[in-house]
Amino acid sequence: MLCVLQALSGQKYWASFSAILNVESSPFIYYNLFIMIKKYIIDKIASRLGIPTSAMAYWHAFNKVAGHLSIGLPDVLMALGANNMLRGFLNRFVIPINLDWVWPYWVVQQFDPMSPSFVARGFQITTLNMTNRNWTAIGAINSVKEAVVDQRGLVVPQINGWSVDSWILYKGELYAPSKMPGVTQYPCQDLPIVITEFKVGELTINCEAFVEKVNKEDMIFHRAKIVNGGTQKEKLSFIYSIRPYNIEGLSLIGSIEYKENIFYVNDRVGVYLPAVPDQVLCNTYEQGDVSLFLNKEIKQNLSTKCPIGFATAMAKYDLELESKDTKEVIAYIPIEKKLSFKGLDKLDYEQVITDTIAGWRDRLDNRGMHIQVPDARLQAAFLANRAYMLVFHDGDSITPGPFSYHFFWYRDAAYMINALDKMGFSEEAGQILYTYPKLQKKGHFSSQKGEWDSNGQAIWTMVEHYRFSNDKAYLNKVYPSIVGAMKWIRNNRPISKNPLYSGLHRPGLSAEHFGSNDYYYWDDFWSLAGLREGVRMAEVMGKKGDADLYRKVHAELMASVDRSLLEVAKRFDKPIIPISPSLSRRMDSAA
């Protein structure tokens, strides 16, 4: 239904309609006719689906709020929204009736009435992770893909995929970090190597996760160290469990099979265990979570098929530790969906992590910028963020995060590529920017619909890189794109009789957290920055005609912004800059 409504609200249908009528602009008589037809069709579809008229009234109100010849939501946001809402709907009805399962930390907190993160369910039709979204990425140098580790050590290899958790069974009690207080987490040597540590009695459990390439494919290396800090011999079991959920909610697992040291999950290689476990158990949803059977005498079950899609599995290692003794359990988890495990039995984990640290140190220490400050925490934060700039560098692209944010946007790239340059990673920055010309379409740099800030951001980023690198060959390559982007800015500013809007960029979604489609000063400010930098490059290239033309365009846009702001100042009786000059917008958080 969401997709149907989105499609019917899309500008492409208005474009087709106006083309049939041979309408070059958008006269209100034709546009209003189009809106009436669209409303009629949507209402008919909603009626057939059993959606009440009262509910559709909210949808139509949303379209009126969006207003300004709505372009509809960007495809990326629609995909994210559909995933989150439908998964949230499933979460809402599955999790509450299975709270005796082991769940991720965010679920434990949101369903605990005594927790500050508690979210009352009531009439809510979805359950989403709203309170504990501070997971951490792990990835290899020069890799496109990242995995994530949540704040209690849950490892999620793939976007929207299942996960692997680590538990301790001690004196008949199950200790899962997601349910425990006092769990600590930190990066090893300020690198993308996440260590999660917790204590059970005199035992200290240290779980280490990082990514390295094996046979040119990305692999998560996970090692659990169990240290007996007491004076007595201790018996316990360490457990790796395959879980049908992740940091956002449920993730479907239809089948699990253990064979020759490998767990196959949904018929793909999932987890490789170098050491053979003492017990393997695979359960369906109807049988219940494997955590419910840890203290029961049960037979091994090496495979299962769950028609509902909530299969769980565990590999249990029974351990005995003398006083001050240490034992290790290791797992290899592929990020790639297709992976050959050939030669993994010969890998030396200690050598792999040593080589990984050495590789990061070489890249960061020999090429990156160095800063030293007295505050140890600030120093560590800087070093970690410097490393993570390279984690999110995906060769010819850069993304602002793993999982839900593993998409490219010019807005985020502007800051991140500039940071790469300033950190001393000019080569990596240039690798991305050399792709910009081929991404441009008819002068527009678009990573999503209705994004009018992107041209200014793209120009500014390309020019900033030249200022750092002084690479004339690079400038020769991207200069035509800079000119094309400035031309698009000049042509995307409609003139009207209303001084609030005249000469500004037409309405769009811009940075999507600003609100619905509107005139946004943010877009104009970025275009001003792009024009200013583009003129500088025209002067460097000796293109006097380009410099003169776009200096004039810059002045015209600046005059339009100033004129609009004067009108806004009259309305509020003070010189302020809201996010938009629209009459419905005042000073809010978007400003």
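The residue numbering used here restarts from 1 in each chain and proceeds along that chain's sequence as written. Confidence filtering applies because this is a predicted model: local features only for residues at pLDDT of at least 70, side-chain atom pairs given and counted only at 80 or more, and all residues used for totals across whole chains, interfaces and linings. As a rule here, side-chain values come from all non-hydrogen atoms in the structure, and water together with hydrogens is ignored.

1. Structural notes on the packing of aromatic side chains
Aromatic pairs are defined between Phe, Tyr and Trp rings, using the six-membered ring for Trp, whenever the two ring centres lie within 6.5 Å; interplanar angles under 30 degrees are classed as stacked, those over 60 as edge-to-face, and all others as tilted. As enumerated under the stated definition, the model contains 29 aromatic pairs in all. Aromatic side chains Trp-103 and Tyr-245 sit 5.4 Å apart centroid to centroid with 35° between the ring planes, which places their arrangement in the tilted category. Here Tyr-245 lies in the loop between β10 (234-243) and β11 (255-259) and Trp-103 lies in the loop between α5 (75-94) and α6 (105-110), a separation of 142 residues in the sequence. For the pair Trp-103 and Tyr-245, one class covers both residues: buried. Relative to Tyr-410, the ring of Phe-408 lies with its centre 5.0 Å away and its plane at 80°, an arrangement referred to as edge-to-face. Only DSSP runs of H or I covering at least 4 residues are called helices, and only runs of E covering at least 2 are called strands; the numbering of each starts at the N terminus. Only protein chains enter the accessibility calculation, which uses a 1.4 Å probe; a residue whose area is less than 20% of its type maximum is buried, one above 50% is exposed, and one in between is partly exposed.

2. Describing helix α9 (residues 410-423)
Here α9 contains 14 residues, and its C-alpha end-to-end distance of 19 Å stays within 8% of the 20 Å for a straight helix at 1.5 Å per residue. Counting buried residues in α9 gives ten out of 14 residues, a clear majority hidden from the surface. All buried positions along α9 are accounted for by Tyr-410, Arg-411, Ala-413, Ala-414, Met-416, Ile-417, Asn-418, Leu-420, Asp-421 and Met-423. For a helix, the expected span equals 1.5 Å multiplied by the number of residues minus one.

3. With respect to the confidence of the model for the protein
Confidence in the prediction of the protein, expressed as mean pLDDT, is 90, and 90% of residues score 70 or more. Contacts from residues 1-28, a stretch scored under 50 in pLDDT, to residues over four places away or in other chains number 45 contacts. On a scale of 0 to 100, pLDDT captures the predictor's confidence in every residue. Whether two residues touch is decided by their heavy atoms; if any such pair falls within 4.5 Å, the residues are in contact.

4. Focus on the pairing of strand β7 (residues 194-200)
Of all seven residues making up β7, five are buried, and the element is well covered by its neighbours. Strands pair, by our definition, only if DSSP identifies at least two bridges between them. Strand direction decides the pairing type here: strand β6 (residues 184-187) and β7, joined by four bridges, are antiparallel. Looking across to β7, one finds that Gln-185 is bridged to Thr-196. In textbook terms, the turn of a hairpin is the stretch between consecutive antiparallel strands, and for β6 and β7 this stretch comprises six residues, one of which, Gln-189, has a positive phi near 55°. With seven bridges connecting them, β7 and strand β8 (residues 203-214) associate as antiparallel partners. Residue Ile-195 lies in a different strand from β8, and its bridge partner there is Glu-208. Linking β7 to β8, which pair antiparallel, is a turn of two residues; within it Gly-201 sits at a positive phi near 60°.

5. Points about helix α12 (residues 454-469)
Here α12 contains 16 residues, and its C-alpha end-to-end distance of 22 Å stays within 8% of the 22 Å for a straight helix at 1.5 Å per residue. When you tally the buried positions in α12, you get 13 out of 16 residues, the bulk of the element. Looking at the residues trailing α12, positive phi occurs at Asn-470, about 55°.

6. A closer look at the environment of Ala-313
For Ala-313, the location among the structural elements is in strand β16 (residues 312-321). For Ala-313 and Tyr-240, which are 73 residues apart along the polypeptide, the C-alpha to C-alpha distance reads 8.4 Å. If we skip the residues at most four places from it in the chain, Ala-313 touches Tyr-240, Ser-241, Ile-242, Ile-256, Phe-263, Leu-281, Cys-282 and Val-290.

7. Looking at the packing of helix α8 (residues 376-391) against α9
A pair of packed helices is characterised by two quantities: the angle between their axes and the separation of those axes. The interhelical angle for the contact between α8 and α9, taken along N-to-C directions, is 115°, at an axis separation of 10 Å. Crossing handedness for the pair α8 and α9: left-handed. Residues Phe-382, Arg-386, Met-389 and Leu-390 of α8 pack against Met-416, Ala-419, Leu-420 and Met-423 of α9. The residue inventory of the contact of α8 with α9, partitioned by class, reads seven nonpolar, no polar and one charged. Axis angles are defined between N-to-C directions and span 0 to 180 degrees, where every axis is a line fitted to C-alpha atoms and, for a helix, only to the segment in contact. Each crossing gets its hand from how the near helix is turned against the far one by less than a right angle, where anticlockwise is left-handed and clockwise is right-handed. Each residue is assigned to one class: nonpolar for Ala, Val, Leu, Ile, Met, Phe, Trp, Tyr, Cys and Pro, charged for Asp, Glu, Lys and Arg, and polar for all the others, Gly among them.

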